[in-house]
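One letter stands for each residue in the lines below.
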Amino acid sequence: MARKHEYFTDLYTDALIGFAAFTHLPASVVRTAAGYAIRADAGFGRFLLATNGDQGLAEARTDLDTWTVEIHESTPIGADLLATETDRDLVAAYGHAVERLEFEGSWSPVEVALDRPVTIVEGAA
């Protein structure tokens, strides 16, 4: 039986929440050519895809899941793969992928001062 978007969203709710909390990016389950994946948009045309199976998200969770995080950059003709890392922990795989890009000079972490209020710009969307 083919699984649906809602099935994967329910099955991976904890991974979605944890990934979004750690990355500070909204995360969702999306359909890809290979199956389903967790996606987070990082801005500036970059997005992250996280999977734990050969064909996207696995249809069943196990304690032996291995996560792969890919960081892509959108281009006019598709998307370029910038980095890919695999780890038993989703957040660790993400961290390794970002570290790789930081080392190459291709990723600048956004620093947010949480002790100051955010300035509202009139007319900004």
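Predicted, not measured: the structure shown is a model, and the values here were computed from it. (Residues numbered from 1 in each chain as written. Predicted model: local features only at pLDDT ≥ 70, side-chain atom pairs only at ≥ 80, totals over all residues. Heavy atoms only, no water.)

Let's talk about the sheet that holds strand 3 (residues 46-51)
Reasoning step 1: Taken together, five strands build an open sheet; the order of strands is 1-2-3-4-5 and the sheet is antiparallel. Where the open sheet ends on each side, the last strands, each with one partner, are strand 1 (27-31) and strand 5 (78-87). Between one strand axis and the next, the sheet turns by 30° as a mean value, whatever way the strands run.
Reasoning step 2: For strand 2 (residues 36-43) and strand 3, the ladder comprises five bridges, and the chain directions are antiparallel. Directly across from Ile-38, in strand 3, lies its bridge partner Ala-50.
Reasoning step 3: Running at roughly 125° to strand 5, helix 3 (residues 90-104) makes contact with strand 3, strand 4 (67-75) and strand 5 of the sheet. (Pairing = 2+ DSSP bridges. Helix = DSSP H or I, 4+ residues; strand = E, 2+ residues; numbered from the N terminus. Axes fitted to C-alpha atoms, helices over the stretch in contact; angles between N-to-C directions. Contact = heavy atoms within 4.5 Å.)

Focus: unusual backbone geometry
Reasoning step 1: Although it is not a glycine, His-24 sits at a positive phi angle of roughly 60°.
Reasoning step 2: Note that His-24 resides in the loop between helix 2 (13-23) and strand 1.
Reasoning step 3: Residue His-24 is classed as exposed on the basis of its relative accessible area, which comes to 69%.
Reasoning step 4: Even without a glycine there, the phi angle at Phe-44 is positive, about 55°.
Reasoning step 5: Within the fold, Phe-44 resides in the loop between strand 2 and strand 3.
Reasoning step 6: With a relative accessible area of 80%, Phe-44 lands in the exposed category. (Buried < 20%, exposed > 50% of the residue type's maximum accessible area, 1.4 Å probe, protein only.)

What about the nonpolar core?
Reasoning step 1: Formed by 24 residues in total, the largest nonpolar core has its most connected members in Ile-38, Leu-48, Leu-57 and Trp-67.
Reasoning step 2: Among the secondary structure elements, those contributing two or more residues to this core are helix 2, strand 2, strand 3, strand 4 and helix 3.
Reasoning step 3: Dropping the residues within four chain positions of it, Ile-38 is found in contact with Tyr-12, Ala-15, Leu-16, Phe-19, Ala-27, Ser-28, Leu-48, Leu-49, Ala-50, Leu-57 and Trp-67. (Core = buried A, V, L, I, M, F, W, Y, C linked by side-chain atoms within 4.5 Å.)

So, helix 3
Reasoning step 1: Over its 15 residues, helix 3 runs 22 Å from end to end, which matches the ideal 21 Å to within 8%, given 1.5 Å per residue.
Reasoning step 2: Turning to helix 3, its buried residues number three or more, namely Leu-90, Ala-93, Tyr-94, Gly-95, Ala-97, Val-98 and Leu-101.
Reasoning step 3: Those residues of helix 3 that are buried lie in contact with helix 2, strand 3, strand 4 and strand 5.
Reasoning step 4: You can read the cap of helix 3 off the contacts: a side-chain oxygen lies 3.3 Å from the backbone nitrogen of Val-91, and it is on Asp-89.
Reasoning step 5: Gly-105 sits one or two residues past helix 3 and shows a positive phi near 80°. (Expected span 1.5 Å × (residues − 1). Polar contact = N/O pair within 3.5 Å; in protein donor to acceptor, adjacent residues only side chain to side chain.)

Concerning the pattern of salt bridges
Reasoning step 1: The full count for this structure, using the stated rule, is five salt bridges.
Reasoning step 2: Arg-61 serves as the salt-bridge partner of Asp-14, at 3.0 Å between the closest nitrogen and oxygen. Of this pair, Asp-14 sits in helix 2 while Arg-61 sits in the loop between strand 3 and strand 4, placing them 47 residues apart in sequence.
Reasoning step 3: Given a relative accessible area of 31%, Arg-61 falls into the partly exposed group.
Reasoning step 4: Here Glu-73 ties to Arg-46 by a salt bridge, and the two come within 3.7 Å at their closest N and O atoms. Here Glu-73 is found in strand 4, whereas its partner Arg-46 is found in strand 3, with 27 residues between them in sequence.
Reasoning step 5: Classification of Glu-73 as partly exposed rests on a relative accessible area of 28%. (Salt bridge = Lys/Arg side-chain N within 4 Å of Asp/Glu carboxyl O.)

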